[in-house]
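# Working through the structure, step by step
Chain residues, written in single-letter form:
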Amino acid sequence: MSRSPSLYVDRNTVLHRLTARSKLVLLLGVFTTAYVFGHPAAVFVPLAASFIALIYAGGWRNFKRLAYIIAALFLVGFVVWPAFTASGGPTLLHTPVVTVTRREFLFALGRSERIAAFIVGGLLFVTTTSNEEIVAGLRSLGLPYAFCFAVGTALRLFPTFLGATGTVQQAQAARGHEVSGGNPISRLRGYIPLLIPVFMTAIRNVQTQAMALEARGFDTRRDRTFYNKRSFAPADWAVVVISLVLIVGSVWLSLAGFGGI
Amino acid sequence: MIMLTAVVAAVYAAVLIPFKGLTIIPGFTSVRPANVFPVIFSLFFGPAAAWGSGIGNLIGDIFGGTFGPASFFGFIGNFFFGFVGYKLWGNLGPLSSGEEPDFRSNTGRQLLEYLVVALVAAAITAAIIAWGADLLGLVPFPVLGATITVNNFIAAAILGPPLLYLTWPRVKEMGLLYPEVLRDDDLSDVASARRQIAAYGIAVVAIVWVLVGVFIAPPQSTFQRALGAIGFVLVLGLAVVSGERLSELVGY
């Protein structure tokens, strides 16, 4: 478990330099645009824009890492949605098992593109925003410090526990423990010897960490300061304005009947 | 309590990713052994488990690359996955064993109570996440609602009782059960009748919401959206008026 599980890519692009808050507003703009339209041609715009921005921000490796999930989600949407929407237009595919009309095809394709746009947009955010920036961003949005501290601590502990989980898996495998065989229930039962050491390791950690916090006089109710607190730069304001225009514009276009099926 | 929240979140996220088991709908749901944790953590750590499960799922999305608008509903759904257990245990009237969940005596009754708790927790999580995914137009409610209920329940039902049997006494001995960690005034003082009504209310709303959403309400319909809105408001209201009884059962 030497590889960091984080998807953050440390670069110095325009997107990296934005604060987490303005990136969240931009993300909201991308999500809104992908959400309000149904036609695949309209949904393709935020999807393509997010993808290009992701590549620009150095996220190609992250995209490759998750390509199978994105492809699987795309396929799931494409297969499932025709069964839950009204048919219409000429028949594009007719077999003894399934018939797909033009409307069903466009609807399913639009939904699959929406899923992909959401995932690629989210990936762009985590590619350009470090864990510390995410926590500082949550705090700057007004979320309680106790919550932000819990998120930050969990983000820091997560790689440690991930490593411990991997170590336990390897240690049990070295003792001949096998979880991959058998039916689903026996496979699930096979996880018990793996979960208990992970759980107890974590519980011991609680005691140590709680003592460390107490020893430092930790108090969630007092005002906090952040070492890397960043103020809103002109670029952040510009992104917020562009995002708001994107949100209002896409909603207005959608209400005017553009981008529907 | 804050450290418990962080550790619950980190453990949940850390076990979610490497122990991803049988994928059912890739990116959305799989039979995951980690799904046992919110239910048993709820019995151990109470409110810390609820917040920790929500945060843990969010971290899983961030590190797993599936962060998006559905993560918001994932957070709320998993919050309730870790919330239901400590609110229901001991408050289910004839379905309750009247004992702490250590599976050392009255095992049959404890198992029955645990299975009810696990089913309700799985159903409420499924209903919230499936409602959100349906609202966002990602996956129809009937597909996701049924899938999440079944696989969350299976993982919690199979792994929960042995894990509780093996770890309950140790965690209790360490003084980390939530009645010991919380201050006295943080333990809600709710009358027994109200606790039971709230517990049954949560159970009924969760099950009815999933059943109606899967079998009756069409996906993406006004009916489906209204059902979700009503179900969610009811669950929130019942959660606010509910109380816990585990602190009594463990002798606090």
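Residues numbered from 1 in each chain as written. Chains lettered and ligands numbered in written order. Predicted model: local features only at pLDDT ≥ 70, side-chain atom pairs only at ≥ 80, totals over all residues. Heavy atoms only, no water.

## Overview of the overall build of chain A
Heads up, the condition is: Helix and strand assignments come from DSSP, with helices taken as H or I runs of at least 4 residues and strands as E runs of at least 2, each series counted from the N terminus. Only the C-alpha atoms count toward the radius of gyration. The rule for a globule is 2.2 Å times the residue count to the power 0.38. Here's how the labels work: a residue is buried when its accessible area is under 20% of the maximum for its type, exposed when over 50%, partly exposed in between, all with a 1.4 Å probe on protein chains only. Only heavy atoms enter the contact rule, under which two residues are in contact if any of them lie within 4.5 Å. Each accessible area is a Shrake-Rupley result for a 1.4 Å probe, and residues are judged covered by the shown protein chains and nothing else.
Within chain A, the secondary structure is distributed over 10 helices and two strands. In sequence order, the secondary structure elements of chain A are arranged as α-α-α-α-β-β-α-α-α-α-α-α. Against the compact-globule benchmark of 18 Å for 261 residues, chain A has a radius of gyration of 23 Å, which places it well outside the compact range. Dimensions of chain A along its principal axes, counting C-alpha atoms only, are 70 × 60 × 30 Å. Looking at chain A as a whole, 46% of its 261 residues are labelled buried. A separation of at least 24 residues holds for 75% of the contacts in chain A among residues at least 6 apart in sequence. Taken as a whole, chain A presents about 13,800 Å² of accessible surface, with 63% of it coming from carbon and sulfur.

## What to know about empty space enclosed by the protein
All names here are of chain A. For the record, the criterion: Cavities and pockets are defined on a 1 Å grid built over the protein atoms alone: a cavity is a set of grid points where a 1.4 Å probe fits but cannot escape, while a pocket is an open set with protein on both sides within 12 Å along at least five of seven lines, and lining residues are those with an atom within 4 Å of any such point. Grid points are joined across faces, edges and corners, and a volume is the space filled by probe spheres set on the points. Each residue receives one of three labels: charged for Asp, Glu, Lys and Arg, nonpolar for Ala, Val, Leu, Ile, Met, Phe, Trp, Tyr, Cys and Pro, and polar for the others, Gly being one of them.
The final tally for this structure, using the stated rule, is three cavities of 30 Å³ or more. Here the largest cavity is characterised by a volume of approximately 90 Å³. Along the walls of the largest cavity sit Leu15, Lys23, Leu26, Leu27, Val30, Gly121, Leu124, Phe125 and Thr128, which together make up its complete lining. Among the secondary structure elements, those contributing two or more residues to the lining of the largest cavity are helix H2 (20–36) and helix H5 (102–128). Taken together, the residues of the lining of the largest cavity sort by class into six nonpolar, two polar and one charged.

## As for the pattern of salt bridges
Any two side chains of opposite charge can pair, so long as their charged atoms come close to each other. All names here are of chain B. The criterion, for reference: Salt bridge criterion: a side-chain nitrogen from Lys or Arg within 4 Å of a carboxyl oxygen from Asp or Glu.
Evaluation of the coordinates by the stated rule reveals three salt bridges over all chains. For Arg195, the salt bridge is made with Glu248, and the minimal N-O distance between the two is 3.4 Å. Note that Arg195 is positioned in helix H9 (residues 192–215) and Glu248 in helix H11 (residues 246–249), a separation of 53 residues in sequence. Of the residues examined, Glu248 reaches a relative accessible area of 47% and is grouped as partly exposed. As a salt-bridge pair, Glu248 and Arg245 come within 3.7 Å of each other at their nearest N and O atoms. Owing to a relative accessible area of 23%, Arg245 belongs among the partly exposed residues under this scheme. Where salt bridges share partners, they join Arg195, Arg245 and Glu248 into one cluster.

## Some remarks on the interface of chain B and chain A
Put simply, the rule reads: The term buried area means the drop in 1.4 Å probe accessible area that two parts suffer when joined, counted for both and summed. Identification of polar contacts relies on pairs of N or O atoms within 3.5 Å, with a donor-acceptor requirement for protein atoms, meaning one able to donate a hydrogen and the other able to accept it, and with residues adjacent in sequence counted only if both atoms are side-chain atoms.
Listed as interface residues are 63 residues of chain B and, on the opposing side, 64 residues of chain A. Summing the contributions of chain B and of chain A, the shared interface buries around 5,500 Å²; its carbon and sulfur component is 86%. At the boundary of chain B and chain A, one finds zero salt bridges. For the pair chain B and chain A, the number of links is four residue pairs in polar contact (both at pLDDT 80 or more). Of all the elements in the fold, those that place two or more residues in the side of chain B that touches chain A are helix H1 (2–16), strand S1 (22–25), helix H2 (36–45), helix H3 (47–64) and helix H7 (141–173) of chain B.

## Re the packing of H2(B) against helix H6 (residues 107–135) of chain B
Residues and elements named next belong to chain B. Just so we agree on the cut-off: Between N-to-C directions, angles cover 0 to 180 degrees, with each direction set by a line fitted to C-alpha atoms, over the stretch in contact for helices. Each angle is binned into one of four classes, with values under 35 degrees roughly parallel, values over 145 roughly antiparallel, values of 65 to 115 roughly perpendicular, and all other values oblique. For any pair of crossing helices, the crossing counts as left-handed if the nearer helix is rotated counterclockwise from the farther one by less than a right angle, and right-handed if it is rotated clockwise.
Remark: H2 packs on H6, axes separated minimally by 10 Å, with the N-to-C direction vectors making an angle of 120 degrees. Comparing the axis directions of H2 and H6 gives the class oblique. In the packing of H2 onto H6, the handedness of the crossing is right-handed. Across the interface between the two elements, Val36, Val39, Ile40 and Leu43 of H2 pack against Tyr114, Val117, Ala118 and Ala121 of H6.

## Focus on the UniProt feature "transmembrane region" (unreviewed entry) in chain B
Which entries qualify depends on this criterion: UniProt positions are given in the numbering used here, feature names are shortened, and annotations may be inferred rather than shown by experiment.
Mapped onto this numbering, the UniProt entry annotates "transmembrane region" (unreviewed entry) at residues 6–25, 37–59, 71–90, 111–131, 143–166, 197–217 and 223–241 of chain B. For residues 111–131 of chain B, the helix share is 100%, the strand share is 0%, and the end-to-end C-alpha distance is 30 Å.

## A word on the packing of aromatic side chains
To keep things clear, this is the line we draw: Here the aromatic set is Phe, Tyr and Trp, taking the six-membered ring for Trp, and pairing holds for ring centres within 6.5 Å; pairs whose planes are under 30 degrees apart are stacked, those over 60 apart are edge-to-face, and all others are tilted. A ring is scored as having a charge over it whenever the NZ atom of a lysine or the CZ atom of an arginine sits within 6 Å of its centre and within 35 degrees of its normal.
Tallied over the entire structure, the rule returns 33 aromatic pairs over all chains. Between Phe31(A) and Phe118(A) the ring centres are 5.2 Å apart and the planes differ by 75 degrees, which places this aromatic pair in the edge-to-face class. With Phe31(A) in helix H2 and Phe118(A) in helix H5, this residue pair connects regions lying 87 residues apart in the sequence. Here Phe31(A) and Phe118(A) have matching classes, each one buried. Centre to centre, the rings of Phe79(B) and Phe83(B) are 5.7 Å apart; their planes meet at 20 degrees, and the pair counts as stacked. Both residues of the pair, Phe79(B) and Phe83(B), belong to the buried class. In this arrangement the basic side chain of Arg111(A) is found over the ring face of Trp81(A), its NZ or CZ atom lying 5.2 Å from the centre.

## A closer look at H6(B)
Helical geometry: 3.6 residues make up each α-helical turn, so side chains three or four residues apart lie on a common side. Quick note on the threshold: Expected span of a helix, by definition, is 1.5 Å for each gap between consecutive residues, and there is one gap fewer than residues.
Here H6(B) is 29 residues long and its end C-alpha atoms lie 41 Å apart, about the 42 Å a rise of 1.5 Å per residue gives. Immediately beyond the C-terminal end of H6(B), within one or two residues, lies Gly137(B), with a positive phi of roughly 70 degrees.

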